[in-house]
Protein chains: 2
Amino acid sequence: MSREPRVVQVRQNVLKQNDIVARAMREEFRRSGVFAVSLVSSPGAGKTTLLEKTLAGLQGAWRVAALVGDLATENDAIRLARTGAPVKQIVTGTVCHLDAMMVRRALEDWDLAALDFLFIENVGNLVCPAAYDLGEELRLVLLSVTEGEDKPLKYPPIFHGADLVLITKTDLAEAAGFDREAARKHLEAVAPGIAVLEVSAKTGAGMDEWLEILRARAASARL
Amino acid sequence: MSREPRVVQVRQNVLKQNDIVARAMREEFRRSGVFAVSLVSSPGAGKTTLLEKTLAGLQGAWRVAALVGDLATENDAIRLARTGAPVKQIVTGTVCHLDAMMVRRALEDWDLAALDFLFIENVGNLVCPAAYDLGEELRLVLLSVTEGEDKPLKYPPIFHGADLVLITKTDLAEAAGFDREAARKHLEAVAPGIAVLEVSAKTGAGMDEWLEILRARAASARL
């Protein structure tokens with residue numbers, strides 16, 4: 001494994017560059033009054049459906065936009081654009097996460113001052129996005145009830161780095177035999193004090209509370 | 001992004017080293033009469049539960065063993081060891097996939113000639129494992145009915161590299177509104193001709209067929 005130190009060195013340089021760009025973007029988001037939220041989860045935990053309902057729920061009162069990352073296809077952007085919000089797809093090819101440079105590039109021709117909320121949906125992955133700051137104010141990690149209550153213990157960095165955890169697809173909780181207590185205990189073990197909210201984008205359960213948290217956090221960030 | 005070419009170069013060297021080790025392991029598996037199967041999927045698609053039932057189903061008639069990869073915890077190894085099969089956990093830390101060197105190291109003190117089947121459960125990830133040959137004879141990709149039928153289109157390399165796709169958790173298909181035709185169409189689009197089987201490790205549906213496929217493929221590999 002003689003090559004490992006060199007790989008680690010290169011990775012550290014990439015991360016350092018990422019953090020410089022992310023920090024500058026965070027400043028710019030604040031200056032422009034945009035509240036930036038990133039969404040991270042396993043593939044299929046319901047990021048896009050949540051985002052669809054979130055954009056629809058905020059629109060009218062707020063100016064919202066979204067960036068969505070995927071290895072391939074523009075499907076999520078097409079789906080989200082139906083809400084009427086500006087949406088852009090970032091196609092990563094074989095890259096397993098978004099980085100700050102990809103986000104900056106995607107935002108180049110957008111006027112941030114014309115936005116209140118910017119949502120950044122990462123590639124579905126519980127590992128790689130953990131190390132990459134995207135300049136977001138709120139990092140949301142989704143855990144669906146069908147994935148198993150042990151996931152926080154098995155993927156600790158991503159849950160440790162979350163600002164808020166949404167337990168999704170609660171409409172399937174009973175059918176999946178979801179153990180709520182175990183999930184909460186495991187989240188608390190890797191991210192002590194983490195805020196956790198249960199939602200079902202399908203039935204709407206918990207969605208009002210989620211939108212209220214968003215509005216409150218955005219308001220307090222703007223103070 | 002002046003550093004990108006160097007990153008790509010280093011990554012290619014790592015992959016080359018991986019492939020050399022994987023090729024040597026594949027030779028050794030064949031010489032020893034071990035049929036090696038790797039399991040890849042999103043976090044929570046049911047790899048460990050499938051493996052639990054698979055080890056139990058083969059044991060007695062066959063000598064089986066398993067390696068399981070996770071960022072953290074020995075939970076899966078403890079769970080699988082209850083089947084009585086030899087099991088070893090590979091803890092990857094922050095690494096998002098297994099590589100051939102990790103597998104070789106884990107196998108160092110095992111006598112391959114004393115095994116008929118070796119299962120290698122990768123880290124839950126639909127992106128990173130795609131590029132890493134582990135010397136397996138059969139690469140199994142799991143797609144659970146709760147993840148959405150669009151996943152093959154959004155994560156094409158992993159499905160393209162599969163030898164067999166198991167659609168898992170079919171007991172939840174109705175509750176999740178799973179669209180079987182769409183899933184099959186999307187799999188066929190990225191992996192034309194791919195073998196697909198539907199199973200529920202919970203109810204046992206499809207499990208006999210899965211074990212029969214394993215036995216048949218192992219027998220034909222030994223010819």
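Residues numbered from 1 in each chain as written. Chains lettered and ligands numbered in written order. Predicted model: local features only at pLDDT ≥ 70, side-chain atom pairs only at ≥ 80, totals over all residues. Heavy atoms only, no water.

(A) How the structure looks around the pairing of strand β1 (residues 35-40) of chain B. Residue and element names in this part refer to chain B. Across the six residues that make up β1, a large majority, six, are buried. Burial of β1 is two-sided: the residues F35, V37 and L39 facing one way and the residues A36, S38 and V40 facing the other way are all buried. Of the strand pairs in this sheet, β1 and strand β4 (residues 117-121) are connected by five bridges, and their pairing is parallel. Counted as the bridge partner of F35 is F117 from β4. When β1 meets strand β5 (residues 138-144), the two strands line up parallel, connected through four bridges. Bridged to V37 within β5 is L138. (Buried < 20%, exposed > 50% of the residue type's maximum accessible area, 1.4 Å probe, protein only. Helix = DSSP H or I, 4+ residues; strand = E, 2+ residues; numbered from the N terminus. Pairing = 2+ DSSP bridges.)

(B) Here's a closer look at the packing of helix α2 (residues 47-58) of chain A against helix α9 (residues 207-221) of chain A. Residues and elements named next belong to chain A. The contact between α2 and α9 brings their axes to 11 Å, and the two run at 65°. Considered as vectors, α2 and α9 are oriented roughly perpendicular to each other. In this structure, the crossing between α2 and α9 has a hand that is right-handed. Taking contact as the criterion, the partners of L50, K53, T54, G57 and L58 in α2 are, on α9, M207, W210, L211, L214 and R215. Across the contact of α2 with α9, the residue classes break down as six nonpolar, two polar and two charged. (Axes fitted to C-alpha atoms, helices over the stretch in contact; angles between N-to-C directions. Parallel < 35°, antiparallel > 145°, perpendicular 65-115°, else oblique. Left-handed = near helix turned anticlockwise from the far one by under 90°. Contact = heavy atoms within 4.5 Å. Nonpolar A, V, L, I, M, F, W, Y, C, P; charged D, E, K, R; others polar.)

(C) Spatial organisation of the environment of G135(A). Residues and elements named next belong to chain A. Examined against the element boundaries, G135 turns out to sit in the loop between β4 (117-121) and β5 (138-144). Here the alpha-carbon distance between G135 and I20, two residues 115 residues apart in the chain, equals 9.6 Å. When residues no more than four places from it in sequence are discounted, the contact partners of G135 are A22, R26, F29 and A36.

(D) Spatial organisation of the relation of the copies chain A and chain B. Mapping chain A onto chain B calls for a screw motion: a turn of 180° about the axis and a shift of 0.0 Å along it, with 0.0 Å RMSD after fitting. Interpreted geometrically, this transformation is the action of a two-fold axis. Comparing interface residues between copies, 100% of those in chain A also lie at the interface in chain B; the contact surface is shared. (Least-squares fit on C-alpha atoms with pLDDT ≥ 70 in both.)

(E) Region of the structure containing the packing of aromatic side chains. All names here are of chain B. In this structure the tally under the stated criterion is six aromatic pairs over all chains. Each ring, one from W62 and one from F117, has its centre 5.6 Å from the other, and the planes form 85°; the classification is edge-to-face. Here the residue W62 occupies a position in the loop between α2 (47-58) and β2 (64-70), and F117 occupies one in strand β4, the gap between them amounting to 55 residues. What makes W62 partly exposed here is its relative accessible area of 27%. Note on F117: relative accessible area 0%, which makes it buried. Pairing F117 with F119 gives two aromatic rings, centres 6.1 Å apart and planes at 10°, and the pair type is stacked. Each member of the pair, F117 as well as F119, carries the same accessibility label: buried. (Phe/Tyr/Trp six-rings, centres within 6.5 Å; stacked < 30°, edge-to-face > 60°.)

(F) How the structure looks around the confidence of the model for chain A. Mean pLDDT over chain A stands at 95; residues scoring 70 or higher make up 98%. The ipTM, which scores confidence in the relative placement of chains, is 0.92 for this predicted complex, and the corresponding pTM is 0.94. (pLDDT = per-residue confidence, 0-100.)

(G) Inspection of unusual backbone geometry at higher detail. Phi is positive for K169(A), which is not a glycine, with a value near 60°. Mapped onto the fold, K169(A) is located in the loop between β6 (164-168) and α7 (173-176). The exposure class of K169(A) is buried, given its relative accessible area of 16%. Positive phi values are uncommon outside glycine, yet T73(B) reaches one of about 80°. On the secondary structure map, T73(B) appears in the loop between β2 and α3 (75-81).

(H) How the structure looks around the interface of chain A and chain B. Listed per partner, the contact involves 41 residues of chain A and 42 residues of chain B. Overall, the association of chain A and chain B removes approximately 3,500 Å² of surface from exposure, summing both partners, and the carbon and sulfur fraction of that is 60%. Taken together, the links from chain A to chain B amount to four salt bridges. The partner of K154(A) in a salt bridge is D76(B), and the shortest N-O contact between them spans 2.7 Å. Counting every contact that joins chain A to chain B gives ten residue pairs in polar contact (both at pLDDT 80 or more). When contributions to the side of chain A that touches chain B are tallied by element, the ones reaching two or more residues are α1 (4-32), α3 (75-81), α5 (151-154), α6 (156-160) and α7 of chain A. For the side of chain A that touches chain B, the leading source of residues is α1(A), giving six residues. In terms of residue class, the side of chain A that touches chain B is built from 20 nonpolar, eleven polar and ten charged. (Buried area = accessible area lost by both parts, 1.4 Å probe. Salt bridge = Lys/Arg side-chain N within 4 Å of Asp/Glu carboxyl O. Polar contact = N/O pair within 3.5 Å; in protein donor to acceptor, adjacent residues only side chain to side chain.)

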